[in-house]
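Letter by letter, the chains look like this.
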Amino acid sequence: MQGFIIKLTRVKEEDLIVTIISENNLTTLYRFYGARHSPINLGFKIDYEMEGSLKSTIPRMRDVLHLGFPWIVEYDRIRIWQQFIALFYPHLQHAEAIGSFYYDLLESTAQKWGGQNPKRLAIEAYVQLLEHEGRLHREMNCFFCDLPIENNIALIRSFLPAHQACSHTLAINQKGLRWLYDHTSTLFLDDNEIQRLWYVLSEGL
Ligand SMILES: [Zn+2]
């Protein structure tokens, strides 16, 4: 099986509890420490086998192989990737069969991560996630006062739209935001807007 590690918890010295978004599921596995095992980390894509265990209700992970991306050696890219992928655990932890959407989204995003601005890619992926979950707010009415938003749009957590004056945060140009929603592209958003959207995203999915 293959999957992305979205959470690692160290238990008993060097053993690990590992939560993975695999091709169709959210899976939690137990990994016994072994000196010969290759090290794994948050955000890694791995190939692994799963086996039942008499000692534990959590299946064991074995035959782990790290499927590295070329950008894994670039500190900034791996750091932002880990920040991004860590958001999936609190979001999905109570879900069971999650289908292939999340795996496919991470896979397609990881493929592009080395060549483009990672914060832009994370924002574009997040918009796809909101769309998939039926949470993308295309109607621009303010979360706080419920009135329509005519000009620039401030976004708060979950990308809920708001007036700049109601939310007291940096507003995003409306054309750029609509382009993002319609084309999954941050082309018309400037770096300040990207920074703001990344900040909102990092509050939680
Ligand atoms: Zn308002």
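Cut-offs and rules
Residues numbered from 1 in each chain as written. Predicted model: local features only at pLDDT ≥ 70, side-chain atom pairs only at ≥ 80, totals over all residues. Heavy atoms only, no water. Axes fitted to C-alpha atoms, helices over the stretch in contact; angles between N-to-C directions. Helix = DSSP H or I, 4+ residues; strand = E, 2+ residues; numbered from the N terminus. Parallel < 35°, antiparallel > 145°, perpendicular 65-115°, else oblique. Left-handed = near helix turned anticlockwise from the far one by under 90°. Contact = heavy atoms within 4.5 Å. Nonpolar A, V, L, I, M, F, W, Y, C, P; charged D, E, K, R; others polar. Phe/Tyr/Trp six-rings, centres within 6.5 Å; stacked < 30°, edge-to-face > 60°. Buried < 20%, exposed > 50% of the residue type's maximum accessible area, 1.4 Å probe, protein only. Lys NZ or Arg CZ within 6 Å of the ring centre and 35° of its normal. Domains from an automatic or database assignment. Buried area = accessible area lost by both parts, 1.4 Å probe. Salt bridge = Lys/Arg side-chain N within 4 Å of Asp/Glu carboxyl O. Donors = N, O, S within 2.8 Å, 3.2 Å for Na, K, Ca; no water. Tetrahedral: all angles 85-135°; square planar, octahedral: opposite > 155°, others 65-115°.

**Student:** I would appreciate a short explanation of the packing of helix 1 (residues 75-86) against helix 4 (residues 118-132) in the present structure.
**Tutor:** When two helices pack together, their arrangement is given by the angle between their axes and by how far apart the axes lie. Helix 4 packs onto helix 1 with a crossing angle of 20° between their chain directions and a minimal axis gap of 10 Å. Looking at the two axes, helix 1 sits roughly parallel to helix 4. Helix 4 is crossed by helix 1, and the crossing has right-handed handedness. Contacts between helix 1 and helix 4 involve Arg 77, Ile 80 and Phe 84 from the first element and Pro 118, Lys 119, Ala 122 and Ala 125 from the second. Here the contact of helix 1 with helix 4 is composed, by residue class, of 5 nonpolar, no polar and 2 charged.

**Student:** What should I look at first to understand the packing of aromatic side chains in this one?
**Tutor:** Two measures describe an aromatic ring pair: the distance that separates the ring centres and the angle between the ring planes. Going through the model one piece at a time under the given rule, you end up with 15 aromatic pairs. On the numbers, 4.8 Å between centres and 55° between planes, the contact of Tyr 30 with Phe 32 is tilted. Ring geometry for Tyr 126 against Phe 159: centres 4.9 Å apart, planes inclined by 85°, an arrangement best described as edge-to-face. With Tyr 126 in helix 4 and Phe 159 in the loop between strand 6 (153-156) and strand 7 (160-162), this residue pair connects regions lying 33 residues apart in the sequence. For Tyr 126, a relative accessible area of 1% puts it in the buried group. Looking at Lys 175, its charged tip hangs above the ring of Phe 188, at a distance of 4.0 Å from the centre.

**Student:** Could you clarify how one ought to interpret the domain arrangement of the protein chain in this entry?
**Tutor:** By a widespread convention, an interface's size corresponds to the accessible area lost as its parts come together. When the domains of the protein chain are assigned, the result is domain 1 (2-70) and domain 2 (72-202). The gap between the C-alpha centroids of domain 1 and domain 2 is 28 Å. Across the boundary between the two partners, domain 1 contributes 21 residues, which contact 22 residues of domain 2. A combined buried area of about 1800 Å² lies between domain 1 and domain 2, and 68% of that area is made up of carbon and sulfur atoms. Contact with domain 2 buries area across many residues of domain 1, yet Phe 4, Leu 26 and Phe 69 alone supply 30% of it, more than any other trio. Taken together, domain 1 and domain 2 are joined by 1 salt bridge. We note a salt bridge from Lys 45 to Glu 107, for which the minimum N-O separation is 2.8 Å.

**Student:** I tried to follow the coordination of the zinc ion on my own but got confused; where do I start?
**Tutor:** Binding of the zinc ion to the protein goes through Cys 142 (SG), Cys 145 (SG), His 163 (ND1) and Cys 166 (SG), at separations of 2.1 to 2.4 Å. In this structure, the zinc ion is surrounded by 4 donor atoms whose angles at the metal cover 94 to 118°, and the resulting shape is tetrahedral. All donor residues of the zinc ion come from one chain, and their arrangement in sequence is C-x2-C-x17-H-x2-C. The exposure class assigned to Cys 166 is partly exposed, which follows from its relative accessible area of 29%.

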